[in-house]
Amino acid sequence: MDDQSLDLLLELSALRLTDAERIRISRSLDWLIEYVELLYAKPIEEVDPLIHAVDHSQQSRPDVATQVSAGNLLETQTNHHRDGLYLVPKVIDT
Amino acid sequence: MTLAFRPLVELRKLLRSRSVSAVEVIEHCLERIQRIDHQLNCFSMTMTDEALHAAAQADDDISARNFKLLSGIPIAHKDLFCMKGFPTSCASNMLQNFVAPYDATIVTNLRKHGAICLGKTNMDEFAMGSSGETSTFGSTINPWDSKCVAGGSSSGSAAAVAAGLVAACTGSDTGGSIRQPAAFCGITGFKPTYGCFSRYGMIAFASSLDQAGIHTHSAEDAALMYQAMVGHDPQDPSSSARTHSANQPTRCPLTVGYPSAFLDSLSEPLVRCIEEAKRVLTAAGHRFVEIELPDPNLALATYFVISRGEAASNLARFDGVRFGHRSTTQTNHRDLCTQSRSEGFGEEVKKRILFGNHVLTQGRGGTLFERAQKVRRLIREGYAEAFKKVDIILAPSAPSTAMPLNCDERDSYDVYLQDRYTVAVNLAGLPAISIPVGFIDKLPVGAQLIGRQFSDQMVLQLASQFQQLSDWHLQHPDL
């Protein structure tokens, strides 16, 4: 995988790598990309994608609230909240 | 009375007859964990006070003849099941300070049936690994050989049962993460049909493949755990609404499929162990039939693409804002997300996210992910075709015994290949159990019994019958 392609994936994945990680992960991605070439050996034009292994229709349930909102509980996971809102650094430069 | 390594069914009898109290059982396990776990690193945390409190309650219940299915049975949960008020870390720095705000359904069900949780078990980070070495808590050590891995990703669960620290553990199996460590540690590891156990509260790796499961000493123990864990959960949209029972009678003899081609790349001693398992089942009256199954290497390629594509999507939720690690070095919102993720995730997780985003965006004539979903259908059909001829399949659980610790980069590709014989089961949503079938150089060997969808009871019963006719599952490490 060339540097440009890896940089694009890093941007898409919201990740940064150290130089050492970059070398190791690049090699590993190359290995995986070569391995999954096997998928091109099978003719699949007439085949529908399988999304879930077990065929079952979406379950419906009564439209009744059974749980309290997890919102307040989830807020306890971070100190960075105020008045029910999460605090983040500046999003748009003005 | 020695309590270590007692099968769950025996402990249950002892507790029921009040030959031993729940407090004695739990104290014994906690003492053993205290004494042994620093050598093995099975646990990410223990819950001493809560377990002893629950044990006292269990003794009161038993005295009042209010005996539940698993009253007083010591268990542990893989550290990806949420337990309200307790850390749930997925063995990742990303979730180091995460305290679960609710219970996973599996946790609720086992507690309701009287099981007592002694702690959370170590694992590969976000269940991504086959050696137990990607954990932020460090590697789990194989109880049979301190120079070897316990397997993964449910490394701590398998090693804790093998070392006699608890009677049973929960685990999860996305591509073999229960069955392979069970094989490496010489215990029984059961993965049910996809949808039998709720995934609610189980932190996701690859949602269409992830399935909770069980580590125990025997298939009979696994059947009891299954009974407590199975059932439809409206909170999990992929949960099956079918009724389940581990105790339905299975007709005998069964026709057992034997994919000889799977054995071609195995070492001679490993083949001998599988052949011996075949001999035991044949002697019990079952009929073996040669079958062809989809190429394990093709299944592995399909698994690589689907699991990593789903992982990239599932792990996008970790943005450093709402929960999980938040970097202190950020200057803007985008940087907060990127820096938090880069600091929080380990290298294996980063690798899988990157490959996941590659397969979701790249490919020839459509994305690789879509192509893999099509091949997945062919693999499921290949297994369905085999199950027209046979009731159940006998196959290896792993291509080797436990690997040495600290493999180098070249060997890490071999670690990926560890899942060669297990991933197709997840792609096709089948139930499978790994049972001990021998030893090579003092390390355990496992074999899988694989059933058609929703034939979980048949799989458990045949495994149980095998264990009545063999004693590999009764061997324990010297600890």
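Engineer: Sorry if this is basic, but what is going on with the overall build of chain B here?
Structural biologist: A tally of helices and strands in chain B yields 15 helices and 13 strands. Relative to the 2.2 N^0.38 estimate, which gives 23 Å for 479 residues, the radius of gyration of chain B is 21 Å and therefore close to what a compact globule would have. Expressed along its principal axes, the backbone C-alpha trace of chain B runs to roughly 65 × 55 × 45 Å. Out of the 479 residues in chain B, the part that is buried amounts to 68%. Excluding contacts between residues fewer than 6 apart, the proportion of contacts in chain B whose partners are at least 24 apart in sequence is 75%.

Engineer: Quick question: what am I supposed to make of the pairing of strand S7 (residues 188-191) of chain B here?
Structural biologist: The side chains of a regular strand alternate, first on one face of the sheet and then on the other. All names here are of chain B. The alternating pattern of S7 places Thr188 and Phe190 and Gly189 and Lys191 on opposite faces, both of which are buried. Both S7 and strand S8 (residues 212-216) contribute to a ladder of three bridges, which runs antiparallel. By the bridge assignment for S8, Phe190 is matched with Ile214.

Engineer: How should the sheet that holds strand S1 (residues 43-46) of chain B be read in this particular structure?
Structural biologist: The pairing of strands in a sheet happens through backbone hydrogen bonds and is either parallel or antiparallel. Residues and elements named next belong to chain B. Pairing is mixed in the open sheet, where eleven strands are placed in the order S1-S3-S2-S6-S8-S7-S12-S13-S11-S9-S10. In the strand order of this sheet, the two ends are held by S1 and strand S10 (287-290), each with one partner. In this sheet, adjacent strand axes meet at a mean angle of 30° when their direction is disregarded. As defined by bridge partners, S1 adjoins strand S3 (residues 116-121) across three bridges and the pair is classed as antiparallel. The residue bridging Phe43 from the neighbouring strand is Thr121, located in S3. Contacting S1, strand S2 (74-78), S3, strand S6 (168-172) and S8, helix H5 (residues 155-162) runs over the sheet at an angle of about 160° to S6.

Engineer: Honestly, a nonpolar patch on the surface in this entry has me stumped. Any pointers?
Structural biologist: All names here are of chain A. A cluster of nonpolar residues, Val88, Val91 and Ile92, forms a patch on the protein surface that exposes about 280 Å² of accessible area. Among the secondary structure elements, Val88 is positioned in the segment after strand S2 (85-86). Taking the relative accessible area as the measure of exposure, Val88 reaches 36% and is therefore partly exposed.

Engineer: Is there a simple way to think about the packing of helix H2 (residues 19-35) of chain A against helix H11 (residues 347-361) of chain B in this case?
Structural biologist: Helix-helix packing: each pair is described by the crossing angle between the helix axes and the interaxial distance. Following both chains from N to C, one finds H2 of chain A and H11 of chain B inclined at 45°, their axes separated by 10 Å at the closest point. By the angle between their axes, H2 of chain A is oblique relative to H11 of chain B. Regarding H2 of chain A and H11 of chain B, the two cross each other, and that crossing is right-handed. Only Glu347, Lys350, Lys351, Leu354, Phe355 and His358 of chain B of H11 of chain B make contact with H2 of chain A, whose side of the interface consists of Glu21, Arg24, Ile25, Ser28, Leu29, Leu32 and Ile33 of chain A. For the contact of H2 of chain A with H11 of chain B, the class distribution of residues is six nonpolar, two polar and five charged.

Engineer: Teacher, can you tell me more about the packing of H2 of chain A against helix H9 (residues 296-314) of chain B here?
Structural biologist: As a packed pair, H2 of chain A and H9 of chain B sit with axes 10 Å apart at the nearest point and diverge in direction by 125°. Here H9 of chain B runs oblique to H2 of chain A, going by the angle between their axes. Here Trp31, Leu32 and Tyr35 of chain A of H2 of chain A come into contact with H9 of chain B, specifically with Asn297, Leu300, Ala301, Phe304 and Arg308 of chain B.

Engineer: Mind showing me how you'd approach unusual backbone geometry here?
Structural biologist: Most peptide bonds take the trans configuration, and most residues that are not glycine carry a negative phi. Residue and element names in this part refer to chain B. With an omega dihedral of 10°, the bond running from Gly152 to Ser153 counts as a cis peptide bond. The residue Ser153 is located in the loop between strand S5 (145-149) and H5 in this model. Backbone geometry places Cys90, a non-glycine residue, at a positive phi of 55°. Along the chain, Cys90 falls in the loop between S2 and helix H4 (105-112). Cys90 gets classed as buried once you look at its relative accessible area, which sits at 0%. A positive phi angle, close to 65°, is found at Ala127, a residue other than glycine. Residue position: Ala127 is located in the loop between S3 and strand S4 (141-142).

Engineer: How do you make sense of the interface of chain B and chain A when you look at a structure like this?
Structural biologist: One frequent convention defines the size of an interface as the accessible area lost when the parts assemble. Counting residues at the interface gives 74 residues for chain B, matched by 55 residues for chain A. Here chain B and chain A share six salt bridges between them. Where Arg334 of chain B meets Glu11 of chain A, a salt bridge forms, and the shortest distance between an N and an O atom there is 3.6 Å. Linking chain B to chain A there are 23 residue pairs in polar contact (both at pLDDT 80 or more). Residue contributions to the side of chain B that touches chain A peak at eleven residues, all from helix H12 (residues 368-386) of chain B. Along the lines of polarity and charge, the residues of the side of chain B that touches chain A split into 32 nonpolar, 25 polar and 17 charged.

Engineer: Help me out: how do you make sense of the environment of Asn93 of chain B in this one?
Structural biologist: Residue and element names in this part refer to chain B. Here Asn93 lies in the loop between S2 and H4. Residue classification places Asn93 among the partly exposed residues on the basis of a relative accessible area of 31%. Sequence spacing of Asn93 and Ser260 is 167 residues, and the spatial spacing of their C-alpha atoms is 43 Å. Setting aside residues no more than four positions away along its own chain, Asn93 makes contact with Thr136, His325, Glu343 and Gly344. A polar contact of 2.9 Å, which involves the side chain of Asn93, links it to the side chain of Thr136.

Engineer: Where do I start with the nonpolar core in this structure?
Structural biologist: Nonpolar side chains tend to gather and get buried jointly when the protein is soluble and globular. All names here are of chain B. Formed by 187 residues in total, the largest nonpolar core has its most connected members in Leu70, Phe126 and Leu449. In terms of residue count, H9 provides more of this core than any other element does, ten residues in total. Once residues within four sequence positions are removed from consideration, Phe126 is found in contact with Cys90, Ser92, Met94, Leu95, Ile203, Phe205, Leu315, Phe318, Phe345 and Val349.

Engineer: Explain the packing of aromatic side chains to me, please; I cannot follow it from the model alone.
Structural biologist: Pairs of aromatic rings are described using the distance from one ring centre to the other and the angle between the two planes. For the structure shown, the criterion picks out 19 aromatic pairs over all chains. Look at Phe197 of chain B and Tyr226 of chain B: their rings are 5.6 Å apart centre to centre, the planes differ by 45°, and that puts the pair in the tilted class. Residue Phe197 of chain B is found in the loop between S7 and S8, and its partner Tyr226 of chain B is found in helix H7 (residues 219-229); the two are separated by 29 residues along the sequence. Accessibility assignment for this pair places Phe197 of chain B and Tyr226 of chain B in one class, buried. Each residue in the set Trp31 and Tyr35 of chain A together with Tyr303, Phe304, Tyr413 and Tyr416 of chain B is aromatic and connected to the rest through ring pairs, giving one cluster.

Engineer: It is not clear to me how the confidence of the model for chain B should be interpreted in this structure. Could you clarify?
Structural biologist: Any region with low pLDDT has predicted coordinates that should not be read closely. In this model, chain B carries an average pLDDT of 95, and 97% of its residues clear a pLDDT of 70 or more. Listed scores for the predicted complex are pTM 0.95 and ipTM 0.92.

Rules used throughout
Note that residues are indexed from 1 along each chain, following the sequence as it is written. Each chain takes a letter, starting from A, and each ligand takes a number, starting from 1, following the order in which they are written. Local features are withheld for residues below a pLDDT of 70 in this predicted model, meaning they are given only at 70 or higher, and side-chain atom pairs are given and counted only at 80 or more; totals for whole chains, interfaces and linings count all residues. With hydrogens and water excluded, all non-hydrogen atoms of the structure serve as input to the side-chain values. Strands are runs of DSSP state E lasting at least two residues, helices are runs of H or I lasting at least four, and both sets are numbered from the N terminus onward. Within these notes, the globule rule equals 2.2 Å times the number of residues to the 0.38 power, and the radius of gyration is based on C-alpha atoms. The rule is simple: take the accessible area with a 1.4 Å probe, protein chains only, and divide by the maximum for that residue type; under 20% is buried, over 50% is exposed, in between is partly exposed. Here a residue-residue contact requires only that any non-hydrogen atoms of the pair lie within 4.5 Å. For two strands to be treated as a pair, DSSP must find at least two bridges joining them. Angular values range over 0 to 180 degrees, each being the angle between N-to-C directions of two axes fitted as lines to C-alpha atoms, with helices fitted over their stretch in contact. Note that patches include only residues with greater than 30% relative accessible area and no salt bridge, and the join distances are 9 Å for like charges and 5 Å for nonpolar side chains (Val, Leu, Ile, Met, Phe, Trp, Tyr). Only the protein chains shown count as covering a residue, and every accessible area follows the Shrake-Rupley method with a 1.4 Å probe. Salt bridge, as used here: a side-chain nitrogen of Lys or Arg that lies within 4 Å of a carboxyl oxygen of Asp or Glu. Throughout this description, any angle smaller than 35 degrees is read as roughly parallel, any larger than 145 degrees as roughly antiparallel, any in the 65 to 115 degree range as roughly perpendicular, and the remainder as oblique. Take the far helix as the reference: if the near one is turned anticlockwise from it by less than a right angle, the crossing is left-handed, and if turned clockwise, right-handed. Gly is put with the polar residues, along with every residue not named as nonpolar or charged; the nonpolar set is Ala, Val, Leu, Ile, Met, Phe, Trp, Tyr, Cys and Pro, and the charged set is Asp, Glu, Lys and Arg. We define a polar contact as two N or O atoms separated by no more than 3.5 Å, with the added condition that, inside protein, one atom must be a possible hydrogen donor and the other a possible acceptor, whereas residues neighbouring each other in sequence contribute only through side-chain atom pairs. The criterion is simple. A nonpolar core is a set of buried Ala, Val, Leu, Ile, Met, Phe, Trp, Tyr and Cys residues joined through side-chain atoms within 4.5 Å. Centres within 6.5 Å are what make two rings of Phe, Tyr or Trp a pair, Trp counting through its six-membered ring; a difference in plane orientation under 30 degrees is then read as stacked, over 60 as edge-to-face, and the rest as tilted. Each residue gets a pLDDT score, which is the predictor's confidence in that residue and runs from 0 to 100.

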